[in-house]
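Fold and geometry: a report
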Amino acid sequence: MVSIIGAGPGDPELITTKGLKLLQEADVVVYDRLIQTSLVNQSKRSAERIYVGKRAGSHSHDQHAIDRIIIDHAKRGKNIVRLKGGDPFLFGRGAEEAQKLKRARIPFTIVPGVTSAIAAPAYAGIPVTHRKYSSSVAIVTGHQDSTKKNQVDWKKIATAVDSIIILMGMGRLGKIVRELIAGGCKRNTKVAIIEWGTTNHQLTVTGTLSNIVKKVNSHKLKPPAIIVVGEVVGLHRTLNWFKSSSVE
Ligand SMILES: C[S@@+](CC[C@H](N)C(=O)[O-])C[C@H]1O[C@@H](n2cnc3c(N)ncnc32)[C@H](O)[C@@H]1O
């Protein structure tokens, strides 16, 4: 049996009780880069812990090796936990791993997780919806394989929803900002970047579409980070509750 579990966004207490129980019972834990060590350490002492973290930009070539590790251990009758950051079905390749298991006739379960797309803004006091400011939200990847057919149409997204949440967007922030403006977003649209959300290193930088790239460069912000675009960012000032750094 393989359990594909969402570990949550960073704060180790944000795993679900179901996920934690399965983790504590696992014989083998296969885990990703952004998973906190204290969470992995919740597994049994005898459990085999296998790190399969990938660096940005080197995604695809070792996915095959990860699939092999999971399938080989499962075929030996082990109880496997595949621990993935945030929610396994949101930009996490959880579905692709489940498809491989299905093909190999290995039973699996999926345990959803708290996604960084919503939790990182929440820890910065930014709700992704609000009756007054936002009744629609889109979660978009900023990092796409340029050979893919279904490229993100930033110009369409610009005016289609009230809140835009971008994951993996730091490397292409300048291009995304330009396209959102070209698509109809005002230059003074509010933007927040939340680096290492829900962790002790959380840093929130707020600005507008016209100055956010400059601010990101001057504060040397790096992934992992969530980009929030929209009126809801304005609530950061009043609702920021989590003890962390914030720069305007
Ligand atoms: C491959 S995606 C995985 C997303 C994950 N499945 C989820 O639901 O959160 C990785 C991206 O998620 C975002 N991310 C994950 N953890 C984060 C955190 N603690 N703070 C800010 N962004 C985070 C970053 O944009 C990062 O580049």
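Basis of the calculations
Residues numbered from 1 in each chain as written. Predicted model: local features only at pLDDT ≥ 70, side-chain atom pairs only at ≥ 80, totals over all residues. Heavy atoms only, no water. Helix = DSSP H or I, 4+ residues; strand = E, 2+ residues; numbered from the N terminus. Rg over C-alpha atoms; globule rule 2.2 N^0.38 Å. Buried < 20%, exposed > 50% of the residue type's maximum accessible area, 1.4 Å probe, protein only. Contact = heavy atoms within 4.5 Å. Areas by Shrake-Rupley, 256 points an atom, 1.4 Å probe, with all protein chains shown as cover. Lys, Arg positive; Asp, Glu negative; His and termini not counted. Charge placed at Lys NZ, Arg CZ, Asp CG, Glu CD. Pairing = 2+ DSSP bridges. Axes fitted to C-alpha atoms, helices over the stretch in contact; angles between N-to-C directions. Salt bridge = Lys/Arg side-chain N within 4 Å of Asp/Glu carboxyl O. Near = heavy atom within 4 Å. Polar contact = N/O pair within 3.5 Å; in protein donor to acceptor, adjacent residues only side chain to side chain. Nonpolar A, V, L, I, M, F, W, Y, C, P; charged D, E, K, R; others polar. Domains from an automatic or database assignment.

**Here we look at the overall build of the chain**
The helix and strand tally for the chain stands at nine helices and eleven strands. In terms of overall size, the chain behaves like a compact globule, its C-alpha atoms giving a radius of gyration of 19 Å where 248 residues would be expected to give roughly 18 Å. A principal-axis box enclosing the C-alpha atoms of the chain has dimensions of 55 × 40 × 35 Å. Relative to its 248 residues, the chain shows a buried fraction of 48%. When contacts within the chain are restricted to residue pairs at least 6 apart in sequence, those whose partners lie at least 24 apart make up 69%. Here the chain displays about 13,200 Å² of accessible surface, and carbon together with sulfur accounts for 51% of that area. Charged side chains of the chain number 37 positive and 19 negative; the gap between the two group centres comes to 3 Å.

**A closer look at the environment of Arg93**
Summarising the element assignment, Arg93 is placed in the loop between β4 (80-84) and α4 (94-103). For Arg93, a relative accessible area of 23% puts it in the partly exposed group. C-alpha of Arg93 to C-alpha of Gln63: the two residues are 30 residues apart in sequence and 9.2 Å apart in space.

**Topic: the pairing of strand β10 (residues 225-229)**
Burial runs high along β10: five of the five residues are buried. By the alternation rule, side chains of β10 split into Ala225, Ile227 and Val229 and Ile226 and Val228, which are all buried. Alignment of strand β7 (residues 163-167) against β10, held across four bridges, turns out to be antiparallel. Looking across to β10, one finds that Ile164 is bridged to Val229. Here strand β8 (residues 190-195) runs beside β10; their pairing, made up of five bridges, is antiparallel.

**Regarding the sheet that holds strand β3 (residues 48-51)**
An order of β3-β2-β4-β1-β5 is seen for the five strands of this open sheet, with the pairing classed as parallel. This sheet does not close on itself; its edge strands, each paired only once, are β3 and β5 (108-111). Going across the sheet, the axis of each strand differs from the next one's by a mean of 15°, ignoring polarity. Judged from the four bridges that link them, strand β2 (residues 28-31) and β4 form a sheet pairing that is parallel.

**Details of the pattern of salt bridges**
Counted according to the given criterion, the structure contains twelve salt bridges. Between Lys190 and Glu231 there is a salt bridge whose closest N-O contact spans 3.4 Å. You can see Lys190 sitting in strand β8 and its partner Glu231 sitting in the loop between β10 and α9 (236-239), a full 41 residues away along the chain. A relative accessible area of 29% places Lys190 in the partly exposed class.

**Re the site of the ligand**
Taken together, the neighbourhood of the ligand is formed by 17 residues, with Leu90, Thr115, Ser116, Gly197 and Ala225 sitting nearest. Within the backbone of Met168, an N or O atom sits 2.9 Å from an oxygen atom of the ligand. About the coverage of the ligand: the protein hides 89% of its 570 Å² of free accessible area. Counted by class, the shell around the ligand contains eleven nonpolar, five polar and one charged residues. Summarising the domain contributions, the shell around the ligand has at least three residues from each of domain 1 (2-111) and domain 2 (116-247).

**Here's the deal with the side chain of Ser134**
Its location among the elements puts Ser134 in the loop between α5 (116-123) and β6 (137-141). From its side chain, Ser134 meets the backbone oxygen of Val128 in a polar contact 3.3 Å long. Beyond its immediate sequence surroundings of up to four residues, Ser134 is in contact with Val128, Thr129, Asp162, Ser163 and Val232.

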